[in-house]
Structures are given as structure tokens and as C-alpha cells.
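A closer look at the structure
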Amino acid sequence: MSVRVRFAPSPTGALHIGGLRTALYNYLFAKKHGGTFILRIEDTDQGRFVPGAEDYILNALQWAGISPDEGPKNGGTFGPYRQSDRKELYFDYAQQLIDAGKAYYAFDTPEELDEMRERLKEARMANPQYNAISRNQMKNSLTLSEEEVAQRLNSGEPYVIRFKMPKHDDVRFKDIIRDWIVVSTTTLDDKVLMKSDGMPTYHLANIVDDHLMKITHVIRGEEWLPSAPLHILLYDAFGWKAPEFAHLPLLLKPDGNGKLSKRAADQLGFPIFPLNWNDPESGELSQGFKESGYLPDAFINFLAMLGWNPGTEQEIFSLEELIHTFSLDRINKSGAKFDIEKAKWFNQQYLKNRSSVGLAGTLKAEYDLRTDDATVVSIVDAMKERITFLSEVVTHGDFFFNAPRDFDETTVKKKWNEEVAAKLNSFSLELKDLDAISPEDAKQLLETVLAKDGTGLGKVMPGLRLALTGAAGGPDLMQIIAILGPKVSAERIEFAINTLK
Ligand code: GLU
């Protein structure tokens, strides 16, 4: 049987990176086994629907390079892939469970439900819920006569359909990551399957769709583990074979203390969403990883390692390599601490390995650079090993585009003096008549100038850097001279000599 997995987000806001990791693991697992990766939009909770969220999810997947094989945009043979477009089909399944005595109608009003909870609290029930015991005191098709139920249904009284949780039973299932799980049904409640607005709940729609879409493996976040016993019981109740389950460990805050939340990320100053998100309700704009300068392949590599390990020291994996190496049994059981420094490290590694021509093209498209293409390529070449984000070519490398007007004060104090100025002046006089110079020739020229009275290179280098860049550190100086050109370099040296007198 070919592998079919789904990523099933609810469009209740921007996709959190935890969600993107779930999508990624589903994708990797599908591709590894020559299977199908499906996107299903679970939008049955109309109250939580957020406009723009579905498009956001699609765009985020596309940016990450893990677009679905079947989904609301591209279709497929098991569609529709948006639950609100499937709403007609769920009722019959709920009805099927009622007919089999595995679900029932409940007519309790919100006030009656509150009273029930109060009553149970007073009787010192730790976890007051609508369950195999309390349902006997409630208004449902298990306690009311057949005629009364029929009459209430005919009169259009609002009702829900609840699952009839078996009283004393153990639900057992094997999770691929957590191994055997056994839960007693005495701890579970009679979950609502159909709501009074005629929409299915997540539980019913999710199970029916996973069955109809022939899902073989459910790979999802650990927060869904408490729902899994009910899901297993629903498969049993329908007489369907349940898919295999793999519940992924949580993403934790950097200190390992609790779940990684948007609040925690905001406080610590890093993104939590893959792309910019403009919250339509609060109007708040959250910056995404993309807009913060993360390359999609670097980000995906980083995300893959958050909770999974290849069992070797290798850290850099292309998407193809990830597909090849990925396996569910190397997913960790414990939560994964989120480390933004590691994300930056991956970005650095990927930038370093990108072609300078390609990066220069991206830079030109994003910034209004009035420098010719070949020079931008050389600048990227000089900078790319030293930066975390491509934008730093322009910020940290501002001196390539604009002559420095300020000079690092500490270096001025420590390294600038008349002797240095005199040497640099001789160097600039040599430079200014040249049209171009290579880094090697620049070095040789400087050495020749200095050799006249035996001054060491080390003595003038900090001052030269100061004159050319304004700063104390940066890429190779001779490369800088070659990129700026001998004339501009000479002008800068003259300017520094005049300014720092
Ligand atoms: N709609 C659920 C969510 O928002 C899906 C959970 C599942 O994969 O079963 O995450």
C-alpha cells in the first residue's frame, strides 16, 4: 500500500514553525517512501476562522519548497481538501454511529451543562465531564424515550451528537515514536462529534477524512496525543482500520522551560512564523523568517534537525539528502529546544556555499545598488563568508558602496599617527595613477612603498583599513583595494589623512 500522509492545519492564524516542521516531516516521510503528501484544511470551527490564513499556509509551504501533491489549490482524486467544502458528508457518518448504538443525540442546553459541571464539582469529582456516568443524568437519546427524542428532533430543537464512550475499557495503540500507549476509557469523555450548527467537530471530520483520503500514517504534533485514544475508538466504531500514528515532540523555548510560543519568541526577539504575518484582528505585523533573511533551504535544514537526528555527525543536508536520510524512528521522544543561534549558523553555512553570482542577483533585485554587476559579485565574494544574512553585504559592507565619513575611534587613537599617515600618503600617490589593481599587486605595491625605510606591513594595515572602511575589522584589505579600485582607494586615503590630522 503506498504511503499517504497529510498535513491538516486549521486556518486559525499564521502557520507556526512547529506546524511547518510537522508539514516537513510528513513531506520527507512521503517522499522517502514514494508516497503522497496531502494538504487538508481543517476549517470546521467557523468561530476560529481567520481570513488569509489558508493562503498564508500555502505560501509558507511553497517558500519552504514542500508543496503538497494533493490539496485545495492543486486538487486530487480525494477532494475536496477543505473540510468546509465537505460538510454535507459528515452527518451520514455520525448517523451511522447512532444507528450502531455508538453515538447518541444530546439536547442539553449550555445552562444544563454548566449545572452538571457544578454538581460534579460539589461531589468532588476532580474532572467533571460528560461521560459514561454523568450522561445518565442528562437529556439525551440514552435517557429520553424514543418518542420524546423523535419529537425534539422534529420540532427542530438544537442538539449535538456525542460519542458513546465505552465505560470500562483500555484503549491500546502503538505510536511509532512513543511506542505502546494504553489509556483507560474511564478517563475519557463523550466527545461531541456533530455540533448544533450542523458542522462536525475536529474529531469526527478528521477521522472520516483520514479514512476517505486513505491516509496511512498520521504524523502530527504531540498536543494531539490526548485525542488519539478517541480517534482509535472512532476507527473501531466505524469498523475501519486505523492509520499508524507518530506524535512529534514539542518545540521548546531555548531554555527548555515550556512550549515555544509566539510570546516567548517575541520576548527573545526572533521570528516564530515562516513569512511575515499581518494579523487581521489585532493589526499586528510579525516578521517572518523569510523576511528576516533566512534562506529557505537553510531554514528547512535547521527545522529538520529540531527533533530528528540522522545518527551521524552530518548537519548540512539538502532537501534531497533529507528525504533520503529521514526516518521516523530517529525522531526524539523528548521536546526539542529551539536555538535561534543554530538557525543563524545554518544560514551562514548556506550563504557561504551559494554562488556569488546568484547572491549578487538577489541583492540587486532587493536593493537599489548603483554599482556594476561584476563589482557586486566581487563584493559578495569578499563578504559571504563573514555574514549571517545576505542583507549584511549592504549593511556591514556599506563601505563598498559609500566612502566612510567616520572612523573607529579606538583604532584612530591606537594606530593612527603621523608616520602611518606619511606611509599611506606615499601608497596613495602610487595608487592614484592606476586604473585597476589585483589584490596581489596591491600587496606588492604596498610592500615596495614600505620597504624603502623598512616599515613593517603590520604597522600600517590598521590605519589603511581605517582609511578605506572606517572600521577596525572586515574582509581582506587587498581584496577591498581591488574592488574599490586604486583611484577610489587613493581618494579615501587622502580624505582620512586630511580628516584625522
Ligand atoms: N487540525 C488539526 C490542527 O490544527 C490537525 C491535527 C491532526 O493532524 O490530526 O493541527
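Per-chain numbering applies: the sequence of each chain, read as written, is numbered from 1 onward. Under the rules for a predicted model, residues below a pLDDT of 70 receive no local features and side-chain atom pairs below 80 are neither given nor counted, while totals for whole chains, interfaces and linings still include all residues. No hydrogens and no water enter the side-chain calculation; it runs on all heavy atoms of the structure.

**Considering the overall build of the protein chain**
Strands here mean DSSP runs of E at least two residues long; helices mean DSSP runs of H or I at least four residues long; both are numbered from the N terminus. Looking only at helices and strands, the protein chain has 21 helices and 13 strands in total. This radius of gyration counts C-alpha atoms alone. The globule rule is 2.2 Å times how many residues there are, raised to the power 0.38. On C-alpha atoms alone, the protein chain measures out to a radius of gyration of 32 Å, which is more than a quarter above the 23 Å that the 2.2 N^0.38 rule sets for 501 residues. Expressed as lengths along the three principal axes of its C-alpha atoms, the size of the protein chain is roughly 110 × 50 × 35 Å. Under the scheme applied here, a residue whose accessible area is under 20% of the maximum for its type counts as buried, over 50% as exposed, and between as partly exposed, the area being computed with a 1.4 Å probe on protein chains only. The buried share of the protein chain, taken over its 501 residues, is 50%. Method for areas: the Shrake-Rupley scheme with a 1.4 Å probe, in which residue coverage is limited to the protein chains shown. As displayed, the protein chain has an accessible area near 24,000 Å², and 48% of this comes from carbon and sulfur atoms. Residues scored as positive are Lys and Arg, those scored as negative are Asp and Glu, and His as well as the terminal groups of each chain are ignored. Positions of charges follow a simple convention, taking NZ of Lys, CZ of Arg, CG of Asp or CD of Glu. Averaging the coordinates of the 59 positive side-chain charges in the protein chain and doing the same for the 72 negative ones gives two points 3 Å apart.

**Details of the pattern of salt bridges**
Salt bridges are counted wherever a side-chain nitrogen of Lys or Arg sits within 4 Å of a carboxyl oxygen of Asp or Glu. This model, assessed by the stated rule, comprises 28 salt bridges. With its nearest N and O atoms 3.0 Å apart, the salt bridge here joins E284 to K262. Of the two residues, E284 is situated in the loop between strand 11 (277-278) and strand 12 (285-286) and K262 in helix 8 (residues 262-268); the sequence distance between them amounts to 22 residues. Judged by relative accessible area, which is 36%, E284 ranks as partly exposed. Exposure remark for K262: the relative accessible area of 23% places this residue in the partly exposed category.

**Some remarks on the layout of surface pockets**
Space inside and on the surface of the protein is sampled on a 1 Å grid over the protein atoms alone, with a cavity defined as a set of points where a 1.4 Å probe fits but cannot get out and a pocket as an open set with protein on both sides within 12 Å along at least 5 of 7 lines; lining residues have an atom within 4 Å of a point. Grid points are joined across faces, edges and corners, and a volume is the space filled by probe spheres set on the points. Taken as a whole, the largest pocket holds about 1,100 Å³ of empty space. Taken together, 43 residues line the largest pocket, and the ones lying closest to its centre are P9, S10, T12, E223 and W224. Elements with a contribution of two residues or more to the lining of the largest pocket: strand 1 (4-7), helix 1 (17-32), helix 6 (202-212) and strand 8 (217-221). Per element, the largest residue contribution to the lining of the largest pocket is five residues, and it comes from helix 1. For the lining of the largest pocket, the class distribution of residues is 18 nonpolar, 13 polar and 12 charged. Amino acids are sorted into nonpolar (Ala, Val, Leu, Ile, Met, Phe, Trp, Tyr, Cys and Pro), charged (Asp, Glu, Lys and Arg) and polar (every other residue, Gly among them).

**Overview of unusual backbone geometry**
Across the junction of G79 and P80, the peptide omega takes the value -5 degrees, indicating a cis bond. With respect to the helices and strands, the residue P80 is situated in the loop between helix 2 (53-64) and helix 3 (87-99). Despite not being glycine, R124 has its phi angle at roughly 65 degrees, a positive value. You can see R124 is positioned in the loop between helix 4 (110-122) and helix 5 (146-154). We classify R124 as exposed; its relative accessible area is 77%.

**Section: the side chain of T455**
Within the secondary structure layout, T455 lies in the loop between helix 18 (439-451) and helix 19 (457-469). As used in this structure description, the phrase polar contact means that two N or O atoms lie within 3.5 Å; if the pair is within protein, one of them must be able to donate a hydrogen and the other to accept it, and residues adjacent in sequence are counted only when both atoms belong to side chains. A polar contact is formed between the side chain of T455 and the side chain of D453, at a distance of 2.9 Å. By the convention used here, residues are in contact when the closest approach between their heavy atoms is within 4.5 Å. Beyond its immediate sequence surroundings of up to four residues, T455 is in contact with E419, K423 and L450.

**Details of the site of the ligand**
If a single non-hydrogen atom of a residue is within 4 Å of a molecule or strand, that residue counts as near it. Close to the ligand lie R6, A8, S10, E42, Y202, N206, R220 and W224, which account for all nearby residues. Here a nitrogen atom of the ligand sits 2.8 Å away from a polar atom, N or O, in the main chain of A8. Relative to its unbound accessible surface of 300 Å², the ligand loses 85% to contact with the protein. Classifying every residue of the shell around the ligand gives three nonpolar, two polar and three charged.

**Re the pairing of strand 1**
Burial along strand 1 is two-sided: R4 and R6 and V5 and F7, pointing in opposite directions, are all buried. Here strand 1 runs beside strand 2 (residues 36-39); their pairing, made up of four bridges, is parallel. From the neighbouring strand, V5 faces strand 2, where its bridge partner is F37. For the crossover from strand 1 across helix 1 to strand 2, the handedness is right-handed. Pairing between two strands requires that DSSP report at least two bridges joining them. The crossover handedness rule: strands pointing away from the viewer, path from first strand over the helix to second strand clockwise, crossover right-handed.

**What about the environment of D169?**
Relative to the elements of secondary structure, D169 occurs in the loop between strand 4 (160-163) and strand 5 (170-175). Note on D169: relative accessible area 37%, which makes it partly exposed. In this structure the C-alpha to C-alpha distance between D169 and A336, which are 167 residues apart in sequence, comes to 34 Å. Setting aside residues no more than four positions away along its own chain, D169 makes contact with V183, S184 and T185.

Without other data, these values stay purely geometric and don't point to any function.
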